[in-house]
Amino acid sequence: MSDRGIDRSGVGGGLGALLRRDLRLALRQGSDTATVLAFFVIVVSLFPFGVGAEPQTLAAVGAGILWVAALLAALLSLDRLFQADYEDGTLDGLLAAPAALTLLVLAKCLAHWLTTGLPLVVLSPLLALLLNLPEPAYPALIAGLVLGTPVLTLIGAIGAALVLGARRGGVLLSLLILPLYIPVLIFGVGAVEAAATGQGFRAQLLLLGAFLLAALALAPFVAAVALRQAAE
Amino acid sequence: MNPSDRLECRDLACLRGERLVFKGLSFALRAGEALRLTGPNGSGKSSLLRLLAGLGRPAAGGIAWNGASVADDPDAHRRRFLFLGHQDAVKPWLTTRENLAFWAALHGAAAAGIAPALARFALTAQARLPARFLSQGQRRRLALARFAAIPARLWLLDEPTTGLDEANVATLETLVAEHCAAGGLAVVSTHLALKLPGGGGLALADPAKADLAPAGPAGARAA
């Protein structure tokens, strides 16, 4: 058997295999997606009680509420991203596999986004309705979340890898990651507010797209380095 | 398998936290040989296997494959070996077959090898059963079935016999013997008197008692 033969099938196949496995696990357990969505709905529906149920007030702060709630909901599931694999020894197997670790991290991020980020995007228009968000703002909200939520997952993957093995990793993860979410939050909310007042929101979306491309290129690599560190 | 394959460790030292687990560890292993790693708890058997699997860097010394340092090209090294730590890495929500199929796909091994590998460790009847219904011994067998399903030149096994009954220990011995007969290499840590081909043994000393004075462990084979 040649080294090369194993290599070629191992790299691409590894990414697909891990993606399929994570999606299958998420589907069978189901609890992570349900928790994240329930959290999102509850946090958003708390605000009318806090700031008052006047339609004008809610419309003014709606974009911010939706984005902050989506961000916190994504964060809620991120500390489990590598934790389960770390605890049952799977991570050692992934690190020792011939597939490129960067691609494996990318596969895990993709699975995480498909099972938490994407459902958040789908649910957000319904909650926007609850918050009386002006009609022209909907495209900006959805497009912004489509571009922004994968960034949340990718940046979060770095944090999740860094806090592996730490006690109270979830709290540590929030402290580490939330400040890094600020640019995404600013331009995500910016796009919705611009659209609500009838302005163009192309610039904000382009910036979110740029964040996504940068995160796609850098985050899996950095998370992979952190994972190797965690295994030592 | 290449009959000239050779794994060589020279003057390896391993730090775990601030503690020196072993130092001055040297051994060589040729194609067709299996090394039995023994020693009391805490003597560094797992640490040595993790070093060989690239999950950590030696504090001193080096590991070489056919004369070339594995640290220079870790990607090439990962394509050579298959590693199983003391954890089974079995996902309870996947079926027995899906668990093995995942590892086979990750290593780019043929799917055709999965059913025979399960049969080898008498797991055919449980193939469609979620792994959370498996007993501890069955989980271990499922983890070991990877070695029957995925071709690799070097096998690294950390206490593979934990939880296995006698029949399956014999299966494992046969599997390692076949692997070595085909020109493979294996490093196996164990507390049992496993029958391994090549007969090489490496006994690691308890670092607390040995005070690390004798540089080479007593049973180390000359390179």
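To be clear, the structure that these remarks concern was listed above.
Residues numbered from 1 in each chain as written. Chains lettered and ligands numbered in written order. Predicted model: local features only at pLDDT ≥ 70, side-chain atom pairs only at ≥ 80, totals over all residues.

Caption draft 1: Quick peek at the overall build of chain B. Per the secondary structure count, chain B includes 7 helices and 9 strands. The C-alpha radius of gyration computed for chain B amounts to 17 Å, which stays within 12% of the reference 17 Å derived for 223 residues, consistent with globular compactness. Here chain B, with 223 residues, has 48% of them falling under the buried criterion. Of the contacts formed within chain B by residues at least 6 apart in sequence, a portion of 71% connects residues at least 24 apart. (Helix = DSSP H or I, 4+ residues; strand = E, 2+ residues; numbered from the N terminus. Rg over C-alpha atoms; globule rule 2.2 N^0.38 Å. Buried ≥ 20, exposed ≤ 12 C-beta atoms within 10 Å, placed from the backbone. Contact = placed C-beta atoms within 7 Å.)

Caption draft 2: Region of interest: the sheet that holds strand S7 (residues 154–158) of chain B. Residues and elements named next belong to chain B. The 5 strands are arranged S6-S7-S8-S3-S9 in an open sheet whose pairing can be described as parallel. The open sheet has two edge strands, strand S6 (81–84) and strand S9 (200–203), and neither has a second partner. Strand after strand, the sheet turns through a mean of 15° between neighbouring axes, direction not considered. Note: strand S3 (residues 34–38) against strand S8 (residues 185–189), 4 bridges, orientation parallel. Bridge pairing in S8 links Leu-37 to Ser-189. Of the strands in this sheet, S3, S7 and S8 are in contact with helix H6 (residues 166–181), which crosses S8 at around 150°. (Pairing = 2+ DSSP bridges. Axes fitted to C-alpha atoms, helices over the stretch in contact; angles between N-to-C directions.)

Caption draft 3: Structural context of the interface of chain A and chain B. Contact residues are listed per partner, giving 27 residues for chain A and 23 residues for chain B. Elements represented by at least two residues in the side of chain A that touches chain B include exactly helix H1 (3–29) and helix H5 (90–95) of chain A. Broken down by element, the residue count for the side of chain A that touches chain B peaks at 14 residues, all from H1(A). Counted by class, the side of chain A that touches chain B contains 11 nonpolar, 8 polar and 8 charged residues. (Nonpolar A, V, L, I, M, F, W, Y, C, P; charged D, E, K, R; others polar.)

Caption draft 4: The arrangement of the environment of B:Gly200 in detail. Assignment of secondary structure puts B:Gly200 in strand S9. C-alpha separation for the pair B:Gly200 and B:Val187, spaced 13 residues apart in sequence, amounts to 9.7 Å.

Caption draft 5: The arrangement of the nonpolar core in detail. A:Leu66, A:Ala70, A:Ala157, B:Leu100, B:Ala145 and B:Leu156 are the most contacted members of the largest nonpolar core, which has 145 residues in total. Counting residues per element, this core draws most heavily on helix H7 (residues 138–162) of chain A, at 14 residues. Residues within four places of A:Ala157 in sequence aside, it is in contact with A:Leu81, A:Val105, A:Cys109, A:Ala219 and A:Ala223. (Core = buried A, V, L, I, M, F, W, Y, C linked by C-beta atoms within 7 Å.)

Caption draft 6: Layout of the pairing of strand S4 (residues 60–65) of chain B. Residues and elements named next belong to chain B. As defined by bridge partners, strand S1 (residues 6–16) adjoins S4 across 5 bridges and the pair is classed as antiparallel. In the strand pairing of S4, Leu-7 is matched with Trp-65. Relative to strand S5 (residues 68–69), S4 runs antiparallel, the two being bridged by 2 bridges. Within the sheet, the bridge partner assigned to Trp-65 lies in S5 and is Ala-68. Linking S4 to S5, which pair antiparallel, is a turn of 2 residues; within it Asn-66 sits at a positive phi near 50°.

Caption draft 7: Looking closely at the packing of helix H3 (residues 55–78) of chain A against H7(A). Residues and elements named next belong to chain A. Here H3 crosses H7 at 35°, and the two axes come no closer than 10 Å. Considering only the axes of H3 and H7, their crossing is right-handed. Residue-level inspection shows Ala-63, Leu-66, Ala-70, Leu-71, Ala-74, Leu-75 and Leu-78 of H3 in contact with H7, the latter providing Leu-141, Leu-145, Thr-149, Leu-152, Thr-153, Gly-156, Gly-159 and Ala-160. Taken together, the residues that form the contact of H3 with H7 break down as 11 nonpolar, 4 polar and no charged. (Left-handed = near helix turned anticlockwise from the far one by under 90°.)

Caption draft 8: Examining H7(A) more closely. Residue and element names in this part refer to chain A. For H7, with 25 residues, the first-to-last C-alpha span of 36 Å sits near the 36 Å given by 1.5 Å per residue. At Val-146, H7 shows its maximal kink, close to 30°; a proline, Pro-150, follows between one and four residues later. Taken across its 25 residues, H7 has 21 buried, putting it largely inside the fold. (Expected span 1.5 Å × (residues − 1). Bend = angle between axes of the 7 residues up to and from the residue.)

Caption draft 9: Expanded view of the environment of B:Ala117. Residues and elements named next belong to chain B. Looking at the element boundaries, Ala-117 is found in helix H4 (residues 114–120). With 29 residues separating them in the primary sequence, Ala-117 and Arg-146 have C-alpha atoms 7.3 Å apart. Not counting chain neighbours up to four residues away, the residues in contact with Ala-117 comprise Leu-100, Ala-145, Ala-148 and Ala-149.

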